[in-house]
Amino acid sequence: MLLHLFIIKSTNFPLSISEPELPFVEREKTANYIKLTIYKPPGVVELYNVTCSQNCGSQSRPANQSTVVIEFGPLNPYTDYTFTIRAITGNKSSSLYVFSRTEEAGMSRLEVV
């Protein structure tokens, strides 16, 4: 008796997705704004979700470019802010915390005439 055995490979099973790597982040600041430039890390990242812990909001951006720029403001001068940057792929995420302080408010010019 001859028996034939066939093995069928199914691609319907979800692939294992690993947590995304953490991005590199640069920051620029003034007395009233903080701008974060997020550089996409190696691997797959679908979305960035950035939250400010001092009630200055949250923003989401697709990670479909090599850099993503997110600006928060208007903010209070000479104030500490903490930003949580989540790199998201599927249902996995990695978080990075960025601490920054806005600049001091500029002195007003007073002209004596």
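Conventions and cut-offs
Residues numbered from 1 in each chain as written. Predicted model: local features only at pLDDT ≥ 70, side-chain atom pairs only at ≥ 80, totals over all residues. Heavy atoms only, no water. Pairing = 2+ DSSP bridges. Helix = DSSP H or I, 4+ residues; strand = E, 2+ residues; numbered from the N terminus. Axes fitted to C-alpha atoms, helices over the stretch in contact; angles between N-to-C directions. Core = buried A, V, L, I, M, F, W, Y, C linked by side-chain atoms within 4.5 Å. Buried < 20%, exposed > 50% of the residue type's maximum accessible area, 1.4 Å probe, protein only. Contact = heavy atoms within 4.5 Å. Polar contact = N/O pair within 3.5 Å; in protein donor to acceptor, adjacent residues only side chain to side chain. Disulfide = S-S within 2.5 Å.

Draft legend 1. Representation of the sheet that holds strand β3 (residues 47-52) within the structure. Here we have four strands laid out as an open sheet, ordered β4-β3-β6-β7, and antiparallel in their pairing. Sheet topology places β4 (58-62) and β7 (92-101) at the edges, where each strand pairs with a single neighbour. Strand-to-strand twist in this sheet, taken as the mean axis angle between neighbours without regard to direction, amounts to 20 degrees. Direction of pairing for β3 relative to β4: antiparallel, over a ladder of five bridges. By the bridge assignment, Asn49 is partnered in β4 with Ser60.

Draft legend 2. Broad picture of the nonpolar core. Among the nonpolar cores identified, the biggest contains 18 residues, and Leu36, Ile38, Tyr48, Val50, Phe72, Phe83 and Ile85 are the most heavily contacted of them. At the level of elements, β2 (34-39), β3, β5 (67-72) and β6 (80-89) are the ones that each hand at least two residues to this core. It is β6 that provides the largest number of residues to this core, a total of four residues. Dropping the residues within four chain positions of it, Val50 is found in contact with Leu36, Ile38, Gly57, Ser58, Gln59, Ile70, Phe72, Phe83, Thr84 and Ile85.

Draft legend 3. Geometry of the environment of Ser53. For Ser53, the position within the fold is in the loop between β3 and β4. Ser53 sits in the partly exposed class, given a relative accessible area of 49%. Once the C-alpha coordinates of Ser53 and Thr82 are considered, the two residues, 29 residues apart in sequence, prove to be 5.6 Å apart. Within the structure, Ser53 has its side chain in polar contact with the side chain of Gln54 (distance 2.6 Å).

Draft legend 4. Representation of the state of the cysteines in the model. Under the definition given, this model contains one disulfide. The disulfide partner of Cys52 is Cys56, and the gap between their sulfur atoms is 1.8 Å. Residues Cys52 and Cys56 share a disulfide whose torsion about the S-S bond is about 105 degrees; that sign makes it right-handed.

Draft legend 5. Structural detail: the pairing of β2. The pairing of strand β1 (residues 24-29) with β2 spans six bridges and is classified as antiparallel. Within β2, the residue paired with Val25 across the bridge is Ile38. Count of turn residues in the β1/β2 antiparallel hairpin: four residues.

Draft legend 6. Seen up close, the environment of Glu46. Following the sequence through the fold, Glu46 ends up in the loop between β2 and β3. Take Glu46: its relative accessible area is 45%, and that puts it in the partly exposed class. Along the backbone, Glu46 and Thr89 are 43 residues apart, and their C-alpha atoms lie at a distance of 5.1 Å. With near-sequence residues (within four places) excluded, Glu46 lies in contact with Pro62, Ala63, Ile88, Thr89 and Gly90.

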